[in-house]
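Listed here are the chains, written in short residue letters.
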Number of protein chains: 2
Amino acid sequence: MAGTIRKSARRVTAADVAEAAGVSRSAVSRAFTPGSYLDDGKRRAILRAAKRLGYRPNAMAAILQGGASDLVAIFAGEMPNDFDREVAAALVSGLNAIGKWPLVIGGDEATARRALANVLRYPLEAMILRSGSLDEGVAKSCAKLGVPVISSGRILHMPGVDNVCCRNRDGMADMGRLLIEGGRRRVAFVGGPETFWSAGERRLGLVTALHAAGLTLSADAMGAYTVQSGYDAAADLLAGPPFDALVCANDAMAIGALSLLRDRGIPVPEQIAVVGFDDIAMAAWPAFNLTTVRNPIDTLVETVTDLVQRRVETPTKPDETIAIDVSLVCRGTH
Amino acid sequence: MAGTIRKSARRVTAADVAEAAGVSRSAVSRAFTPGSYLDDGKRRAILRAAKRLGYRPNAMAAILQGGASDLVAIFAGEMPNDFDREVAAALVSGLNAIGKWPLVIGGDEATARRALANVLRYPLEAMILRSGSLDEGVAKSCAKLGVPVISSGRILHMPGVDNVCCRNRDGMADMGRLLIEGGRRRVAFVGGPETFWSAGERRLGLVTALHAAGLTLSADAMGAYTVQSGYDAAADLLAGPPFDALVCANDAMAIGALSLLRDRGIPVPEQIAVVGFDDIAMAAWPAFNLTTVRNPIDTLVETVTDLVQRRVETPTKPDETIAIDVSLVCRGTH
DNA sequence: TTGAAAGCGGTACCAT
DNA sequence: ATGGTACCGCTTTCAA
């Protein structure tokens, strides 16, 4: 029987509902527009017919016609560690909560670059940047199209870009002072490549605190913000001159370093202090009990979503750079 | 000067490009359509003008007119543990790689439910389910709209739904046998609430293996797939009759349980074996060295993206249920 | 090879 | 309060 196998059934349109309810298409549109003139009984009848037919207004037509797209892109990068993935997940929930639908772009550079070109064909209300290396290029493409950008992991000095960023330098400077007060004098650092902006900022904060105490960095290693890279970096550093504190640019690497020191039987924090940055959930686990700097994801998400809303409301509002306060979390590894 | 402050500049359209290049709108459209009749010089001129003006075809209009939306929704649920977030991140990358743009829905039930109704106004090519509790309802809504569903964490017996799911029962049965061969006789289990489908399946697999050896489950605790819940569940179980193996429905809980046993000074695996499921990155860390069942994310993503492509190509293709093989990963906790 | 014109499915502005 | 109609920006006939 024809009809039982619906070959990719045509979407139900307002015209279908109008016919079924015996009204005009205009009335159907009004039924779905709160606060529009429409007889209450008629509205109910339309809504009933719509429900029965399974009608949903086609967002494409509504947007094309001039409506809000409610579409926000998140340029998420590779998300190599749990902090990045937690942020992405929280950003998604936060955007959903304010009625915005995130189009997420992730993966390696080549994939993300190709994806960007395609995603920019959709009318985005904002682009949220969380990637490392590609951010400037993405921001430039967005600027050309008038898509507002919110950079949330590094500060981008470009017109049309709002910035949300935690106080990387302050946090690491506080951490440096804590270590110095604790008697540490030979401090090693595990950072990241040039493209990891936050690593550079955090390093700077640490160096500032050291300088103020008449000290310099004892050693400098490069990681990749993953647990494994922290493990490897610690091994490299151990092969060099001795140190009594190991500051890692993020918690993942600190946990990797911690694992290596344990494997080698080096007591933490007695011989070497190990500290991180972010305060991921794992940092609090008894197995690690990591001293770190709390980088609050909930505040980040609130700030970003607020910025999205205000930017959408007032496209011409001046660009903002909002700093998020961090705080020391003293646990057992310093 | 007027023009310096562009009040939310109007998007450049094909008509603008046509005018700039001195051709018709049709020609502009053709210039962006591979394999269409158009003078080569003219095409280059159009492309040049487009680039100069910063033109991108508006996806809304193209889709409305009948083109592919390339939009796929991921109903991701709360993503309470790292495995869920890793899967979501991998799914995003995988979809990007095949030229599909994922609209992600996440967060708590109320938020997700509201989000769903809105996101369904977009013409989705597929809906990927990863949530726990809301899956049936979502699938029903999708069916009504003719949106194909791919369930990737539980098996949904509904028309129009493709299923991808790891062999939960087989994996846990293998694990059960491993423990029995290792001499364990009093096996406790930490599962999840009713809505965690995989917990029930994994429990069933374990029970089957135990029965085959003439054993039954010694104790049954309920977790929530988070590390903390594993920690708490282990504490509860320890208050009851003794056991020599603790099987957790996922790695996060196993790691939590492991932490508690360590806190209590109970030797693992000498006194109690602890095992999990999923083989998250953390399971391999020296700090945990967890015996578990490998649940391969890359295979899952490949299977899902393949299913998306084939479903889009042939909307009428028969529904499929694809099982993903799992394998024991023997480390140090059994 | 090219341009004109008809839709896609909504919304909003008309009169009525 | 209601129905008719123009239009959003694109793709795709159709005729030239």
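Computed from a predicted structure; not experimentally measured. (Residues numbered from 1 in each chain as written. Chains lettered and ligands numbered in written order. Predicted model: local features only at pLDDT ≥ 70, side-chain atom pairs only at ≥ 80, totals over all residues. Heavy atoms only, no water.)

**Thoughts on the interface of chain A and chain B**
For step 1, the next point in the chain: The interface of chain A with chain B comprises 58 residues on the first partner and 58 residues on the second.
For step 2, the next point in the chain: Of the roughly 5,000 Å² buried where chain A meets chain B, counting both sides, 67% is carbon and sulfur surface.
For step 3, the next point in the chain: Summed over the shared surface of chain A and chain B, the result is two salt bridges.
For step 4, the next point in the chain: A salt bridge links Arg85 of chain A to Asp82 of chain B, with the shortest nitrogen-to-oxygen separation between them at 3.3 Å.
For step 5, the next point in the chain: Of all the secondary structure elements, the ones that give two or more residues to the side of chain A that touches chain B are helix H4 (59-64), helix H5 (82-97), strand S2 (101-106), helix H6 (109-119), helix H7 (135-145), helix H10 (227-238) and helix H11 (251-263) of chain A.
For step 6, the next point in the chain: If one sorts the elements of the side of chain A that touches chain B by residue count, H5 of chain A sits on top with eight residues.
For step 7, the next point in the chain: Partitioned by chemical class, the residues of the side of chain A that touches chain B number 33 nonpolar, 13 polar and twelve charged. (Contact = heavy atoms within 4.5 Å. Buried area = accessible area lost by both parts, 1.4 Å probe. Salt bridge = Lys/Arg side-chain N within 4 Å of Asp/Glu carboxyl O. Helix = DSSP H or I, 4+ residues; strand = E, 2+ residues; numbered from the N terminus. Nonpolar A, V, L, I, M, F, W, Y, C, P; charged D, E, K, R; others polar.)

**Quick look at the nonpolar core**
For step 1, the next point in the chain: In terms of nonpolar packing, the biggest core is built from 150 residues, with Leu246 and Phe288 of chain A together with Leu246 and Phe288 of chain B touching the most fellow members.
For step 2, the next point in the chain: If we ignore the near neighbours within four places in the chain, the residues touching Leu246 of chain A are Ala188, Val190, Ala234, Leu237, Ala257, Ile272, Ala273, Val274 and Val275 of chain A.
For step 3, the next point in the chain: Of all hydrophobic cores here, the second largest spans 56 residues; its members include Ala139 of chain A together with Ile63, Phe75 and Leu124 of chain B. (Core = buried A, V, L, I, M, F, W, Y, C linked by side-chain atoms within 4.5 Å. Buried < 20%, exposed > 50% of the residue type's maximum accessible area, 1.4 Å probe, protein only.)

**Examining the packing of aromatic side chains**
For step 1, the next point in the chain: Tallying each qualifying case throughout the model produces nine aromatic pairs over all chains.
For step 2, the next point in the chain: Note on Phe196 of chain A and Tyr225 of chain A: the rings are 4.8 Å apart at their centroids and 70 degrees apart in plane angle, and the pair reads as edge-to-face. Of this pair, Phe196 of chain A sits in the loop between strand S6 (187-191) and helix H9 (197-212) while Tyr225 of chain A sits in the loop between strand S7 (219-222) and H10, placing them 29 residues apart in sequence.
For step 3, the next point in the chain: Residue classification places Tyr225 of chain A among the buried residues on the basis of a relative accessible area of 8%.
For step 4, the next point in the chain: Through pairs of rings, three or more aromatic residues link up here, namely Trp285 and Phe288 of chain A together with Trp285 and Phe288 of chain B.
For step 5, the next point in the chain: Taking the ring centre of Phe277 of chain A as reference, the NZ or CZ of Arg202 of chain A above it sits at 3.8 Å. (Phe/Tyr/Trp six-rings, centres within 6.5 Å; stacked < 30°, edge-to-face > 60°. Lys NZ or Arg CZ within 6 Å of the ring centre and 35° of its normal.)

**Thoughts on the protein's contact with DNA strand C**
For step 1, the next point in the chain: Within the structure, DNA strand C sits among 22 residues, and Ala14 and Ser29 of chain A together with Arg30, Tyr37 and Asp39 of chain B are positioned closest to it.
For step 2, the next point in the chain: The share of sugar and phosphate among atoms of DNA strand C within 4 Å of the protein is 63%.
For step 3, the next point in the chain: At 3.1 Å, a side-chain N or O of Gln65 of chain A approaches a sugar or linking oxygen of DNA strand C.
For step 4, the next point in the chain: Arg30 of chain B is positioned such that a nitrogen or oxygen atom in its side chain is 2.7 Å from a base oxygen of DNA strand C.
For step 5, the next point in the chain: Counting residues per element, the ones that place at least two in the surface near DNA strand C are helix H2 (25-31) of chain A together with helix H2 (25-31) of chain B.
For step 6, the next point in the chain: For the surface near DNA strand C, the residue count by class is nine nonpolar, eight polar and five charged. (Near = heavy atom within 4 Å. Polar contact = N/O pair within 3.5 Å; in protein donor to acceptor, adjacent residues only side chain to side chain.)

**Observations concerning the relation of the copies chain A and chain B**
For step 1, the next point in the chain: Of the two same-sequence chains, chain A is brought onto chain B (RMSD 0.1 Å, axial shift 0.0 Å) by a rotation of 180 degrees. On this basis, the relationship between the two copies can be described by a two-fold rotation axis.
For step 2, the next point in the chain: Taken together, the interface assignments show that 100% of the residues at the interface of chain A recur at the interface of chain B, consistent with an identical surface on both copies. (Least-squares fit on C-alpha atoms with pLDDT ≥ 70 in both.)

**Some thoughts on the sheet that holds strand S8 (residues 245-248) of chain B**
Adjacent strands of a sheet pair through backbone hydrogen bonds, lying either parallel or antiparallel.
Residues and elements named next belong to chain B.
For step 1, the next point in the chain: If you trace the four strands from one edge of the open sheet to the other, you get S7-S6-S8-S9, paired in parallel fashion. Bordering the open sheet on either side are strand S7 (219-222) and strand S9 (273-275), each of which pairs with just one other strand. Direction aside, the axes of adjacent strands within the sheet are offset by 15 degrees on average.
For step 2, the next point in the chain: The pairing of S8 with S9 spans three bridges and is parallel. Note on S9: the bridge partner recorded for Val247 is Val275.
For step 3, the next point in the chain: Strands in contact with helix H9 (residues 197-212) are strand S6 (187-191), S7 and S8; relative to S6, the strand with the most contacts, it is inclined by about 170 degrees. (Pairing = 2+ DSSP bridges. Axes fitted to C-alpha atoms, helices over the stretch in contact; angles between N-to-C directions.)

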